[in-house]
Amino acid sequence: MSEFSKQVPLQSGFGEATTAREVVAGLDLAGKTAIVTGGSSGLGFEIGSTLASAGANVVVPARNTANAERALLGIKNVSVAALDLLNPSSIQSFARSFLSKGSSLAWLINNAGVMAAPLHRDNRGVEQQFSANHLGHFQLSQLLMPALRKAEGARVISVSSRAHQLCGVDLEDLHFSRRSYDKWTAYAQSKTANVLFALHLDQIAKQEGIRAFSLHPGSIFTPLARHMTIDDYRLMGAVKEDGTLKTAEDPGFKTVEQGAATTLWCAVSSQLDGLGGLYCEDCDVASLAAEDGIGPGV
């Protein structure tokens, strides 16, 4: 059976309104460790704090550790460590430090991201959205494989986006050296890379007890949208007729608690035991697209 034939909803019993706390209700995650990139704000904060509330030890890598520690102050079972996803040396240092502790890693949640940002390249010349959203997480996942193997049942979760439907990955000009830079194309190809990474990682690592998933969390207003203009909000259908922005109360949009739920479902749900490489939405496996196109929200 091909992986694509498994890309069908499981009728999980959850849905678009499910919250993070509802996903972990009744679970005891004591003794297990999670790494949640981008875990000091937005969806990452909700993901990490929810895992910690269920007893998991949560490590939050952050470029600005002082800000992260302030944001996470008072939350039990959560620690902060230095990591810059745009800097390969920083990623190596973080992974080396984590592995030196000898801990197993039950969940690597690749959540941090940049969206619709102006053109910027890291010190290798790599376009920053591709660098942070994909390459940084690719390197981090690769380096942490020993800890993932040790968990004997780990999952690697890549937070992608429905924007992956906009385009593939342009291997001829990944970093916009020859074509004109388009911030949404750059974002979309990084999100496509997230989906393809999860699919391939699952294929090569499942024999070692490591499964991988990718997902669309929904349309949520978080700091990820800091680069967006009013025209960008119109593009994603987030502007009302009176010119004001929609809220989580409007159809098609979610609260942060609801937006974090699918990531957590991919991480902890027993319904996904024995499965992997799947793309999920609304706390279930997503249906294959019937035709090209993209729904509202990114």
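As shown above, the structure is provided for reference.
A few points on the structure. What you are looking at is a predicted structure, and each value in this text was computed from that prediction instead of being measured. (Residues numbered from 1 in each chain as written. Predicted model: local features only at pLDDT ≥ 70, side-chain atom pairs only at ≥ 80, totals over all residues. Heavy atoms only, no water.)

## Quick notes on the overall build of the chain
Here is step 1: Regarding its fold elements, the chain presents 10 helices and 8 strands.
Here is step 2: A globule of 298 residues ought to have a C-alpha radius of gyration of about 19 Å, and the chain, at 18 Å, matches this closely.
Here is step 3: Considering only C-alpha atoms, the chain reaches an extent of 50 × 45 × 45 Å along its principal axes.
Here is step 4: Here the chain holds 298 residues, and the buried ones make up 51% of them.
Here is step 5: The contacts of the chain with a sequence gap of at least 6 include a subset with a gap of at least 24, amounting to 73%. (Helix = DSSP H or I, 4+ residues; strand = E, 2+ residues; numbered from the N terminus. Rg over C-alpha atoms; globule rule 2.2 N^0.38 Å. Buried < 20%, exposed > 50% of the residue type's maximum accessible area, 1.4 Å probe, protein only. Contact = heavy atoms within 4.5 Å.)

## Let's talk about the sheet that holds strand E1 (residues 33–36)
Here is step 1: In spatial order, the strands read E3-E2-E1-E4-E5-E6-E7-E8; together these 8 strands make up an open sheet with mixed pairing. This sheet does not close on itself; its edge strands, each paired only once, are strand E3 (78–82) and strand E8 (284–285).
Here is step 2: Of the strands in this sheet, E1, strand E2 (57–62), E3 and strand E4 (107–110) are in contact with helix H2 (residues 42–53), which crosses E1 at around 170°.
Here is step 3: Across the sheet, helix H7 (residues 183–205) lies against E4, strand E5 (154–159), strand E6 (210–216) and strand E7 (278–281), angled at about 160° from E6, the strand it touches most. (Pairing = 2+ DSSP bridges. Axes fitted to C-alpha atoms, helices over the stretch in contact; angles between N-to-C directions.)

## Remarks on the pattern of salt bridges
Here is step 1: Applying the stated criterion across every chain, the model contains 9 salt bridges.
Here is step 2: Arg-21 is the salt-bridge partner of Glu-46, the closest N and O atoms lying 4.0 Å from each other. Of the two residues, Glu-46 is situated in helix H2 and Arg-21 in helix H1 (residues 20–24); the sequence distance between them amounts to 25 residues.
Here is step 3: Classification of Glu-46 as buried rests on a relative accessible area of 10%.
Here is step 4: A residue is classified by how much of its surface remains accessible, and Arg-21, at 41% relative accessible area, is partly exposed.
Here is step 5: As a salt-bridge pair, Arg-179 and Asp-173 come within 3.7 Å of each other at their nearest N and O atoms.
Here is step 6: Judged by relative accessible area, which is 7%, Asp-173 ranks as buried.
Here is step 7: Salt bridges here are not isolated pairs; linked through shared partners, they connect Asp-170, Asp-173 and Arg-179. (Salt bridge = Lys/Arg side-chain N within 4 Å of Asp/Glu carboxyl O.)

## Points about the pairing of E4
Every regular strand shows the same layout, with side chains that alternate between the two sheet faces.
Here is step 1: On E4, burial covers both faces: Trp-107 and Ile-109 on one face and Leu-108 and Asn-110 on the other are all buried.
Here is step 2: Note that E1 and E4 share 3 bridges and pair parallel. Opposite Ala-34, over in E4, you have Trp-107 as the bridge partner.
Here is step 3: Alignment of E4 against E5, held across 4 bridges, turns out to be parallel. Residue pairing across strands places Trp-107 opposite Arg-155, the latter belonging to E5.

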